[in-house]
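Chain by chain, the residues:
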Amino acid sequence: MIRATVAIPTHNRADTLAHTLRSVFALQIPADAALECVVIDNGSTDSTAEVFEREAGSAPFPVRRVFEPTLGES
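A brief structural summary.

Conventions used here
Residues numbered from 1 in each chain as written. Predicted model: local features only at pLDDT ≥ 70, side-chain atom pairs only at ≥ 80, totals over all residues. Heavy atoms only, no water. Helix = DSSP H or I, 4+ residues; strand = E, 2+ residues; numbered from the N terminus. Rg over C-alpha atoms; globule rule 2.2 N^0.38 Å. Contact = heavy atoms within 4.5 Å. Lys, Arg positive; Asp, Glu negative; His and termini not counted. Charge placed at Lys NZ, Arg CZ, Asp CG, Glu CD. Pairing = 2+ DSSP bridges. Right-handed = clockwise from strand over helix to strand, strands pointing away. Polar contact = N/O pair within 3.5 Å; in protein donor to acceptor, adjacent residues only side chain to side chain. Axes fitted to C-alpha atoms, helices over the stretch in contact; angles between N-to-C directions.

## Points about the overall build of the chain
Then step 1. Assigned secondary structure in the chain consists of two helices and three strands.
Then step 2. Counting helices and strands in the order they occur from the N terminus, the chain gives β-α-β-α-β.
Then step 3. In terms of C-alpha radius of gyration, the chain reaches 13 Å, essentially the compact-globule figure of 11 Å for 74 residues.
Then step 4. Structurally, the chain occupies a C-alpha span of about 40 × 25 × 15 Å along its principal axes.
Then step 5. Partitioning the contacts of the chain with sequence separation of at least 6, the portion at a separation of at least 24 is 81%.
Then step 6. Of the charged side chains in the chain, 6 are positive and 10 negative, and the gap between their average positions amounts to 4 Å.

Shown next as structure tokens:
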């Protein structure tokens, strides 16, 4: 079985997160593959968490949000 993770790092990009998540949720996944999506919320102070919660309910595979309070890529 093929396993893949789609990682979406974000910081105060709630305005584009819904579109991004819908695009990922629309991916055609082969039957022999397992996909998960992880949104890495890098200290957002906007409505990123609310947008994630609203959109996560329509995900066809596991999704989760990880909050990282320290700004930066690593």
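## Observations regarding the pairing of strand β1 (residues 2-10)
Then step 1. By the bridge criterion, nine bridges tie β1 to strand β2 (residues 33-41) in an arrangement that is parallel. Bridge assignment links Val-6 to a residue of β2, and that residue is Cys-37.
Then step 2. At this point the chain moves from β1, through helix α1 (residues 14-25), to the parallel β2, and the crossover so formed is right-handed.

## Side note on the side chain of Asp-41
Then step 1. Of note, Asp-41 is situated in strand β2.
Then step 2. Here Ser-44 takes part through its side chain, which lies 2.6 Å from a polar atom of the side chain of Asp-41.
Then step 3. A polar side-chain atom of Asp-41 sits 2.9 Å from a polar atom in the side chain of Arg-65.
Then step 4. With residues near it in sequence (within four places) discarded, Asp-41 still touches Thr-10, Thr-48, Ala-49, Arg-65, Val-66, Phe-67 and Glu-68.

## A word on the sheet that holds β2
Whether parallel or antiparallel, the strands of a sheet pair through hydrogen bonds between backbone atoms.
Then step 1. Taken in spatial order, the three strands line up as β1-β2-β3 in an open sheet, and their pairing is parallel. Each edge of the sheet is formed by a strand with only one pairing partner; in this case those strands are β1 and β3 (63-67). Each adjacent strand pair in this sheet contributes to an overall mean axis angle of 20°, direction not counted.
Then step 2. Where β2 and β3 come together, five bridges link them in parallel fashion. Each residue of the ladder has a partner; that of Val-39, found in β3, is Arg-65.
Then step 3. Against the sheet, α1 engages β1, β2 and β3, with an angle of about 170° to β1.
Then step 4. The sheet strands contacting helix α2 (residues 48-56) are β1, β2 and β3, and the helix crosses β3 at an angle near 170°.

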